[in-house]
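# Structure at a glance
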Amino acid sequence: MRVPLIAGNWKMNKTEGEAISLVRSLMQGMRSFSGVEVLICPPFTALSQLHKLLVSSPIMLGAQNISDQESGAYTGEVSGRMAADFCSHVILGHSERRAYYSEGEALINRKIKAARRSGLVPVLCVGESLPERDSGRAAAVISGQLLGALENVLLTDPGEIIIAYEPVWAIGTGRSADPQEISDLISTVIRPVLSGLWGEESSQGIRVLYGGSVNPINARGFFSQPEIDGALVGGASLDAGKFLSIIEKTQ
Ligand code: PEP
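All values derive from a computational prediction rather than experimental measurement.

### Some words on the overall build of the protein
Assigned secondary structure in the protein consists of 11 helices and 8 strands. In terms of overall dimensions, the protein is globule-like: its C-alpha atoms have a radius of gyration of 17 Å, near the 18 Å expected for 251 residues. When the backbone C-alpha atoms are referred to their principal axes, the protein occupies close to 45 × 45 × 35 Å. Counting across all 251 residues of the protein, residues that qualify as buried make up 51%. On the protein, roughly 11,200 Å² of surface is accessible, and the fraction owed to carbon and sulfur atoms is 51%. Across the protein, the centroid of the 22 positively charged side chains sits 5 Å from that of the 26 negatively charged ones.

In C-alpha cells form, the structure reads like this:
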C-alpha cells in the first residue's frame, strides 16, 4: 500500500548546466520503471530550469531546505512558497543542517509547518550519531527528534509527510546500517511514535525511507524489508547510472 520512493539529495553539487545534463541522463533511463516514485532534490539555483525540463516527466522535484519564515527581511533565505513554484517536496532536519547550521527541533518544527502551509511534503530526516548509538540511546534520540519536529503538525493524509531514517554515522561514510536492524527500528520506534501522533492507520500509511551510503550493490537488501519504503540517496544520486540502478532494485 506504500509506494516506494527513491529520493536523491544532491547537496551543494552541480551548476545549472551540470544539473540539466544529469537530469537528461536520468530521463533517458527512467522509461521502464513502474510502481516506484522518484524525487530529486537539486540546489535551488537549478530548480527553475529543471522544472521546465521535467514538466511531463514522472521525476519529482524537491528542495533541500526552506526558511521557517513566510517572507520579508531574511537575507539569503528561500521561503516555502518560493520553493513551491518548482517543488513538491522539501528535505528538512538533515543531519548536515543540524550539525553545521545548528538546526534544532524547534526550528525544524517551524520549517515543517511552513512547508505544510506552502503545500510542500516535508521529508523529515532523523537519526542517531555513533556515540548515541554506542551508548544505547538511538531509540530515545530518534523519538525525541520526531516528537520535537512534529509537535502540533496536523495531517489530513499520510502522504503529507515522509520520514527518512538516516543514522549520522552512515551518511557519506560508505558504512550502511543493517537492513534488519533498520526494519526493527522502524517498527518498534518510528511507527509507534507516528501512531501516537496521528493514529495507527495513518502511521501505517506514512512512508519511512532509509538513508546512509545506499548504493547499487546494497540497495536491494534495504528494499526487500517491507518496513523500508525506499531510500534517501546522497552521493550515489549524483551519478545517473548509479541512481537508476538503485531505482531498478525496487522492481
Ligand atoms: C544523505 O545525505 O542524505 C545521504 C544519505 O548521503 P549518502 O547516501 O552519501 O550517505
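Structure's up, so let's keep going.
### Topic: helix 8 (residues 179–198)
At I186, helix 8 shows its maximal kink, close to 40°. Inspection of helix 8 places P179, I182, S183, L185, I186, V189, I190, R191, V193, L194, S195 and W198 among the buried residues, and these make up the whole buried set. Against helix 7 (138–149), strand 6 (162–165), helix 9 (200–205), strand 7 (207–211) and helix 10 (219–223) lie the buried residues of helix 8. One or two positions beyond helix 8, positive phi appears at G199, with a value near 95°.

### Concerning the packing of aromatic side chains
Applying the stated criterion across every chain yields a total of 2 aromatic pairs. Centre to centre, the rings of Y165 and Y210 are 6.5 Å apart; their planes meet at 55°, and the pair counts as tilted. Placement of the pair is Y165 in strand 6 and Y210 in strand 7, with a sequence separation of 45 residues. Of the two residues, Y165 and Y210, neither departs from the other in class, the shared state being buried. Three or more aromatic residues joined by ring pairs make a cluster, and in this case those are Y165, Y210 and F222. Here the guanidinium or amino end of R97 rests over the ring plane of Y101, the centre of that ring lying 4.4 Å away.

### Regarding the packing of helix 5 (residues 105–117) against helix 7
Interaxial distance between helix 5 and helix 7 falls to 8 Å at its minimum, and their mutual angle equals 50°. Compared by their axis directions, helix 5 and helix 7 come out oblique. For the pair helix 5 and helix 7, the contacting residues are E105, I108, N109 and I112 in the first and G144, Q145, G148 and A149 in the second. When grouped by side-chain class, the residues that make up the contact of helix 5 with helix 7 number 3 nonpolar, 4 polar and 1 charged.

### Observations regarding unusual backbone geometry
The phi torsion at K11 lies on the positive side, around 55°, for a residue other than glycine. Relative to the elements of secondary structure, K11 occurs in the loop between strand 1 (5–9) and helix 1 (16–29). One non-glycine residue, S213, lies in the positive phi region at around 55°. Along the chain, the position of S213 falls in the loop between strand 7 and helix 10. Look at S213 and you get buried, because its relative accessible area is 18%.

### Some points on helix 7
Under the 1.5 Å per step criterion, the end-to-end length of helix 7 is 16 Å for 12 residues, consistent within 8% with the ideal 16 Å. Those residues of helix 7 not exposed but buried are A138, V141, I142, S143, Q145, L146, G148 and A149. Where helix 7 is buried, its residues touch helix 4 (95–100), helix 5, strand 5 (121–126), helix 6 (130–134), strand 6 and helix 8.

### A closer look at the site of the ligand
Neighbouring residues of the ligand: 14 residues in total, closest K11, E166, G172, S213 and G234. Residue E166 places a side-chain N or O atom 2.7 Å away from an oxygen atom belonging to the ligand. Within the backbone of G172, a nitrogen or oxygen atom sits 2.6 Å from an oxygen atom of the ligand. About the coverage of the ligand: the protein hides 95% of its 290 Å² of free accessible area. When its residues are assigned to classes, the shell around the ligand shows 4 nonpolar, 8 polar and 2 charged.

Parameters and conventions
Residues numbered from 1 in each chain as written. Predicted model: local features only at pLDDT ≥ 70, side-chain atom pairs only at ≥ 80, totals over all residues. Heavy atoms only, no water. Helix = DSSP H or I, 4+ residues; strand = E, 2+ residues; numbered from the N terminus. Rg over C-alpha atoms; globule rule 2.2 N^0.38 Å. Buried < 20%, exposed > 50% of the residue type's maximum accessible area, 1.4 Å probe, protein only. Areas by Shrake-Rupley, 256 points an atom, 1.4 Å probe, with all protein chains shown as cover. Lys, Arg positive; Asp, Glu negative; His and termini not counted. Charge placed at Lys NZ, Arg CZ, Asp CG, Glu CD. Bend = angle between axes of the 7 residues up to and from the residue. Contact = heavy atoms within 4.5 Å. Phe/Tyr/Trp six-rings, centres within 6.5 Å; stacked < 30°, edge-to-face > 60°. Lys NZ or Arg CZ within 6 Å of the ring centre and 35° of its normal. Axes fitted to C-alpha atoms, helices over the stretch in contact; angles between N-to-C directions. Parallel < 35°, antiparallel > 145°, perpendicular 65-115°, else oblique. Nonpolar A, V, L, I, M, F, W, Y, C, P; charged D, E, K, R; others polar. Expected span 1.5 Å × (residues − 1). Near = heavy atom within 4 Å. Polar contact = N/O pair within 3.5 Å; in protein donor to acceptor, adjacent residues only side chain to side chain.

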